[in-house]
Amino acid sequence: MSLPIGSRAALAAIVGGAILAAGCTPIRTHQGYVLDETLVAAIQPGVDNRDSVVGTLGRPTFVSQFSDRDWYYVSRDTRQLAFNSPRPTGQTVLHVRFDEAGNVQGVERTGMELVENIRPSSDKTPTLGSERSLFQELFGNIGAVGASGQRGQTADNPQ
């Protein structure tokens with residue numbers, strides 16, 4: 001059975017459109033710690049210590065660089081469409097603070113309110129000095145080669 005030419009073109013357009021639409025499906029990713037609400041709720045200030053936190057939550061994503069009393073568990077969900085940059089859709093930072101003895105002093109949770117979108121001001125880095133044209137760059141040193149330098153005695157060129 002053969003299809004008329006108009007039906008073939010319509011079928012090809014539908015198949016081609018489906019293939020193109022499949023390339024535009026959003027890509028969702030998860031990075032970092034996988035939060036379990038039951039385990040996070042089990043961490044109690046004054047009851048737990050470092051060993052029990054590691055046993056319950058595992059090793060932290062990172063430890064504060066100024067002291068080992070602050071542990072952070074970071075979780076982030078992103079969404080990306082085709083070739084666009086990934087955008088955060090959800091973020092949780094669990095901050096566990098310890099006292100001097102190593103006991104849990106507090107547990108804080110923050111989310112997307114701390115996420116900032118930083119955009120550069122321009123695509124050019126400002127530099128000190130003068131603006132030179134293309135011709136000045138190409139021909140600016142003509143005549144400077146072999147020109148007499150500083151006259152007189154210097155530390156590296158005694159006369």
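Residues numbered from 1 in each chain as written. Predicted model: local features only at pLDDT ≥ 70, side-chain atom pairs only at ≥ 80, totals over all residues. Heavy atoms only, no water.

Draft legend 1. Spotlight on the overall build of the protein chain. From N to C terminus, the protein chain includes 4 helices and 5 strands. Mapped from its N terminus to its C terminus, the protein chain presents α and β elements in the order α-β-α-α-β-β-β-β-α. Residues classed as buried in the protein chain amount to 16% of the 159 residues present. In the protein chain, 43% of the contacts between residues at least 6 apart in sequence involve partners at least 24 apart. A total accessible area of about 12700 Å² is found for the protein chain, and carbon and sulfur atoms account for 55% of it. (Helix = DSSP H or I, 4+ residues; strand = E, 2+ residues; numbered from the N terminus. Buried < 20%, exposed > 50% of the residue type's maximum accessible area, 1.4 Å probe, protein only. Contact = heavy atoms within 4.5 Å. Areas by Shrake-Rupley, 256 points an atom, 1.4 Å probe, with all protein chains shown as cover.)

Draft legend 2. Local environment of the nonpolar core. Counting 11 residues, the largest nonpolar core consists of Y33, V40, I43, V53, L57, W71, Y73, L94, V96, F98 and V104. Mapped by element, the contributors of at least two residues to this core are α3 (50-57), β3 (70-81) and β4 (87-98). Among the elements that make up this core, the one with the highest residue count is β4 (3 residues). Other than its neighbours up to four places away in sequence, L57 contacts Y33, L39, V40, I43, Y73 and L94. (Core = buried A, V, L, I, M, F, W, Y, C linked by side-chain atoms within 4.5 Å.)

Draft legend 3. Inspection of the packing of aromatic side chains at higher detail. Under the criterion given, the structure shown has 4 aromatic pairs. Between W71 and F98, the ring centres sit 4.8 Å apart and the planes meet at 70°, which makes this aromatic pair edge-to-face. Of this pair, W71 sits in strand β3 while F98 sits in strand β4, and the two are 27 residues apart along the sequence. On the basis of relative accessible area, W71 is assigned to the buried category, the value being 9%. The residue whose ring lies beneath R50 is F98, and the NZ or CZ to ring-centre distance is 5.0 Å. (Phe/Tyr/Trp six-rings, centres within 6.5 Å; stacked < 30°, edge-to-face > 60°. Lys NZ or Arg CZ within 6 Å of the ring centre and 35° of its normal.)

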